[in-house]
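As a plain string of letters, each chain reads:
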Amino acid sequence: MKSSVLMIAMDEWRYWFRSKLVVTMMVVALVLAVASVITTGLSLSHESHERSELQNKAEQAFESQPDRHPHRMVHYGHYVFRTPAPLSTIDPGIDSYTGTSIFLEGHQQNTAMFSEQGKSSGLTRFSQLTPAFVMQIIVPLLLILIGYSMVSRERENGTLTFIIIQGVSLNKLMFGKFIALLMAGFVALLPLIIGSAVAVTQGEALSVVLSFILAHGLYVVIWCALVVFVSTLNTKNSSSFSILVTLWIVLCIVAPRIAASTASSMVASPSKLEADFEVIREAQALGGGHNVSSADLSKLKANLMAQYDVDDEGDLPVNIRGIVASKSEADLTKVLNRFAEKRMSEELSQAQIARQFGWLTPVLSLRTASMMLAGTNLETHHRFLREAEILRYDFVQSLNKVHAEKLSYNDDVNRYKNSDANNKAKVTSKNWEVLESFSFTPDTATARLMKSIEPLMQLFAWILVLLILAYKTRKVM
Amino acid sequence: MSISSSNPVISAESLSVVLNNKKILTDLNFNVKSGEVFALLGGNGAGKSTTLKTFLGMITPTSGSAKILNLPVDQHATELRQKIAYLPESVMLYAHLTARENIKYFLSLAGINKRDDEINHALEKVSLQPKAWDERLSQYSKGMRQKTAIALSILRQAPIFFLDEPTSGLDPIAIDEFNQLVSQLASSGATIMMVTHDVYGACQVANHISLLRDGQLVGNFSSPEQGHINTEEVHAAFAARSLA
């Protein structure tokens, strides 16, 4: 004999199967989930191969440049690409907005580019249907549409009394309905589980994938409990529907925006234009990466000539222009890094404030947990920027070293006199091998798991609150 | 928990209910013994449904007690519900299920497993046409739904029936069929308490009738050894009380 809870759950499914509307919604949920996993998976798989290929091509293109003046290579620049982490097929996170490649060159730090949203036109912006978006926003709405009348329908139709008279407690009825809705939620979750399992085959840690699935599972549990809870409290289907849709709007649409606005107002940061002008102003004061201030230049020359015991800069065994470029780049980089670190610190503070709103809305808890585990969070993007900057600084300074040590001062200053002089002011392309190959990997599994603890705690707290509410409701009713 | 023929199966002892600071029932006292049909007769707002809900354990008495098998309902609701069959004014089984599916489902909720032939037998007993057995209840009339609910109660072997306005909205033939069913149930030992404003129907089937007005019992009638309670007498009392 099956338990009454299971009987109630099975009957709810029978009701859904006989109700065309509910079946249609379940099919829509499944199709959306499957389509999002497939399209995002294919798109990211393509991008992953493309970026690896482009990274190799960029390195080859740099190293295959002909003999040149080394400073021309500083401006020729180099691209670095960030290959997506396996779980980013499910949750591309902030990568969709930040971009995943950077053009590295001397004297400036460029921002990442080629973001998914940046590539979209105005009308197709936010068009990418990611599995994360489907799970976080669409699935709760479908759970509401499927389940809003689960208990209120019994009350409105008068069958609730009939069920209770059969000796079934309201607790068991609520639990049976919850199990039925949970099964529907897990049907919608299935494509994500399969997509996550595929990530394991692509090298993702099993512990990360299991936590990723757990976070999404908890989120489904929360919404199912919320739907059954509201449906139990209401005597009319219409009021249950209105309350749940309002909750969805508040929790999924409004609260994340309030979180972002609150974070922006609490941690004010200058606009990009303001920040760029400030950087330019300070950079120009330093000589823009090509020159140093006259006082510094005199001191540098004096020190070098004293070091090598010569009276003229042309007699130095090193090219003072390369030395100047190197010092200038070092000074400029300090300024650029100061601004970059300040900006990243502001962004991180804002993100941390916004994440606290996860205690108020499970959407933000799941979003944070999902991005942390997928390695598509802000901290990972910042690490990408820092690692790219280290590469940029190293290759620019390596070229400046070549400039200082392998190109004579006299050839350098005379290079615009004629074509022979110009040819003499070149170094061999062998020197372009200074470039280190770039490979960005996500944080370790342990690091990502540790970062996801707080948002997972938020999801558990939501479940605890709903359990307490359900217990109180049972006593009241 | 056996049902003795001498002890009351259903009893109200100084039963009073106050809801939202309004007195709904005041000091009700009555006893219903095994195999008896008791009708609580009253107009709209007299407190009939509140009385029934109190015995179903959905409303807690403010004072006094509502007892079934000598147990206070508010303290033993879950246990007593196993013994109770309830027919609401409008029987609401699941419209998306057939009569047989409804019966199977509700029996399984009550933890009872019955064979198909036993279910068919119960449906025959309540005179539900076999061609309707596998039709969804969304196609059923009120009378057919009521028969299905009674078949369910028979299969549950519930010894105690609570009926809420059972003949309201039924056509005369269906009312006759229903009254016969109630008599059959009573003669097989079931104890039945019904609340109704149908004087004629109550007199046809009840052994005892109590008149309820503004939450108070204002008249009692019992059937003679042979025959029914006098309809005209009850009607006159009901009309007089209604006009008073």
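Looking at an unreviewed UniProt entry, chain B carries the name ATP-binding cassette domain-containing protein, with the source organism given as Psychrosphaera haliotis.

**Structural notes on the sheet that holds strand E3 (residues 108-109) of chain A**
Residues and elements named next belong to chain A. If you walk across this open sheet you meet the 3 strands as E1-E2-E3, and the pairing is antiparallel. At either margin of the open sheet sits one strand with a lone partner, and together these are strand E1 (78-81) and E3. Inspection of the sheet shows E1 paired to strand E2 (residues 101-105) by 4 bridges, in the antiparallel sense. Bridge assignment links Tyr 79 to a residue of E2, and that residue is Phe 103.

**Some words on the interface of chain A and chain B**
Each side of the interface is counted separately: chain A has 20 residues, and chain B has 26 residues. Between chain A and chain B, a total of about 2200 Å² is buried, with carbon and sulfur atoms accounting for 65% of that surface. Broken down residue by residue, the surface that chain A buries against chain B is led by Phe 162, Ile 165 and Gln 166 of chain A, which jointly contribute 32%. Counting across the interface, chain A meets chain B through 1 salt bridge. With its nearest N and O atoms 2.8 Å apart, the salt bridge here joins Glu 101 of chain B to Arg 18 of chain A. Those elements giving two or more residues to the side of chain A that touches chain B turn out to be helix H1 (4-18), helix H7 (152-157) and helix H8 (159-165) of chain A. Per-element accounting of the side of chain A that touches chain B gives the leading share, 7 residues, to H1 of chain A. Residue composition of the side of chain A that touches chain B, grouped by class: 9 nonpolar, 7 polar and 4 charged.

**Here's the deal with the environment of Pro 191 of chain A**
Residues and elements named next belong to chain A. Tracing the backbone through its elements, the reader meets Pro 191 in helix H9 (residues 170-201). For Pro 191, a relative accessible area of 8% gives the class buried. In this structure the C-alpha to C-alpha distance between Pro 191 and Ser 419, which are 228 residues apart in sequence, comes to 65 Å. In this structure, Pro 191 is in contact with Leu 30, Ala 33, Val 34 and Val 37, ignoring residues within four places of it in sequence.

**Considering the packing of helix H6 (residues 131-147) of chain A against helix H11 (residues 237-266) of chain A**
Geometrically, a packed helix pair is captured by the angle between its two axes and the distance between the axes. Residue and element names in this part refer to chain A. For the pair H6 and H11, the least separation of the axes is 10 Å and the interaxial angle reads 170 degrees. On the basis of their axis angle, the class for H6 and H11 is roughly antiparallel. Judged by residue contacts, Gln 136, Ile 137, Pro 140, Leu 141, Ile 144 and Leu 145 of H6 engage Phe 241, Leu 244, Val 245, Trp 248, Cys 252 and Ile 253 from H11. Of the residues in the contact of H6 with H11, the class split is 11 nonpolar, 1 polar and no charged.

**Description of a nonpolar patch on the surface**
Residue and element names in this part refer to chain A. Judged by side-chain polarity, Leu 30, Val 34, Ile 38, Leu 42 and Val 187 come together as a nonpolar surface patch covering roughly 390 Å² of accessible area. Looking at which element gives the most residues to the nonpolar patch, the answer is helix H2 (residues 20-63), with 4 residues. With respect to the element layout, Leu 42 can be found in helix H2.

**Some words on the sheet that holds strand E3 (residues 37-42) of chain B**
Residues and elements named next belong to chain B. Spatially, 6 strands are ordered E6-E7-E8-E3-E9-E10 in an open sheet, and the strand pairing comes out mixed. Each end of this open sheet is capped by a strand with a single partner; those strands are strand E6 (84-87) and strand E10 (216-222). Averaged over all neighbouring strand pairs, the angle between strand axes comes to 15 degrees, with direction disregarded. Bridge count between E3 and strand E9 (residues 208-213): 5 bridges; the pairing is parallel. Counterpart to Leu 40 in the pairing with E9 is Ser 210. Strands in contact with helix H1 (residues 48-55) are E3, E6, strand E7 (160-164), strand E8 (191-196) and E9; relative to E8, the strand with the most contacts, it is inclined by about 150 degrees.

**Description of the pairing of E7 of chain B**
All names here are of chain B. Counted residue by residue, E7 has 5 buried out of 5 residues, so it is predominantly covered. The side-chain alternation of E7 yields two buried faces, one formed by Ile 160, Phe 162 and Asp 164 and the other by Phe 161 and Leu 163. In this structure, E7 lies alongside E8, joined through 5 bridges in parallel fashion. Looking at the pairing, Phe 161 lines up with Ile 192 of E8. Between the parallel pair E7 and E8, the chain is carried across by helix H6 (residues 172-187), and the sense of this crossover is right-handed.

**Observations regarding the pairing of E2 of chain A**
All names here are of chain A. In terms of burial, E2 is a largely internal element, 5 of the 5 residues being buried. Alternating positions in E2 separate into two faces, Ser 101, Phe 103 and Glu 105 on one and Ile 102 and Leu 104 on the other, with burial throughout. Of the strand pairs in this sheet, E2 and E3 are connected by 2 bridges, and their pairing is antiparallel. Paired with Glu 105 across the bridge in E3 is Gln 108. Taken together, E2 and the strand that follows it, E3, pair antiparallel across an intervening segment of 2 residues, in which His 107 is found at a positive phi of about 70 degrees.

**Thoughts on a negative patch on the surface**
Taken together, the side chains of Asp 309, Asp 311, Asp 312 and Asp 315 of chain A define an acidic patch exposed on the protein surface. Within the secondary structure layout, Asp 312 of chain A lies in the loop between helix H13 (294-308) and helix H14 (320-356).

**Some points on the state of the cysteines**
Residue and element names in this part refer to chain A. The final tally for this structure, using the stated rule, is 0 disulfides over all chains. Here Cys 224 stays unpaired: no disulfide links it, and the sulfur of Cys 252, its closest cysteine neighbor, is 13 Å away. What makes Cys 252 buried here is its relative accessible area of 2%.

**Here we look at the pattern of salt bridges**
Oppositely charged side chains can form a pair if their charged atoms are brought close together. Residues and elements named next belong to chain A. Under the counting rule described, the total for this entry stands at 26 salt bridges over all chains. Asp 331 is the salt-bridge partner of Lys 327, the closest N and O atoms lying 2.9 Å from each other. Of this pair, Lys 327 and Asp 331 both sit in helix H14, 4 residues apart, which is roughly one turn of the helix. Note on Lys 327: relative accessible area 27%, which makes it partly exposed. Measuring nitrogen to oxygen at the nearest pair gives 3.6 Å for the salt bridge that ties Lys 401 to Glu 405. In this pair, Lys 401 and Glu 405 both sit in helix H16 (residues 378-406), 4 residues apart, roughly one turn of the helix. It is possible to trace a salt-bridge network through shared partners that takes in Glu 12, Arg 153, Glu 154 and Lys 177.

**Observations regarding the packing of H6 of chain A against helix H10 (residues 206-233) of chain A**
Residues and elements named next belong to chain A. Orientation of H6 relative to H10, taken along the N-to-C sense of each, is 30 degrees, at an axis distance of 10 Å. Between H6 and H10, the crossing angle belongs to the class labelled roughly parallel. As for the relative orientation of H6 and H10, their crossing is right-handed in sense. Residues Met 135, Gln 136, Pro 140, Leu 143, Ile 144 and Gly 147 of H6 form the contact with H10, whose own contacting residues are His 216, Tyr 219, Val 220, Trp 223, Cys 224, Val 227 and Ser 231. Within the contact of H6 with H10, the residues separate by chemical class into 9 nonpolar, 4 polar and no charged.

Each value, and the rule that gives it
- Residues numbered from 1 in each chain as written.
- Chains lettered and ligands numbered in written order.
- Predicted model: local features only at pLDDT ≥ 70, side-chain atom pairs only at ≥ 80, totals over all residues.
- Heavy atoms only, no water.
- Pairing = 2+ DSSP bridges.
- Helix = DSSP H or I, 4+ residues; strand = E, 2+ residues; numbered from the N terminus.
- Contact = heavy atoms within 4.5 Å.
- Buried area = accessible area lost by both parts, 1.4 Å probe.
- Salt bridge = Lys/Arg side-chain N within 4 Å of Asp/Glu carboxyl O.
- Nonpolar A, V, L, I, M, F, W, Y, C, P; charged D, E, K, R; others polar.
- Buried < 20%, exposed > 50% of the residue type's maximum accessible area, 1.4 Å probe, protein only.
- Axes fitted to C-alpha atoms, helices over the stretch in contact; angles between N-to-C directions.
- Parallel < 35°, antiparallel > 145°, perpendicular 65-115°, else oblique.
- Patch = residues over 30% accessible without salt bridge, like charges linked within 9 Å, V, L, I, M, F, W, Y side chains within 5 Å.
- Areas by Shrake-Rupley, 256 points an atom, 1.4 Å probe, with all protein chains shown as cover.
- Right-handed = clockwise from strand over helix to strand, strands pointing away.
- Lys, Arg positive; Asp, Glu negative; His and termini not counted.
- Charge placed at Lys NZ, Arg CZ, Asp CG, Glu CD.
- Disulfide = S-S within 2.5 Å.
- Left-handed = near helix turned anticlockwise from the far one by under 90°.

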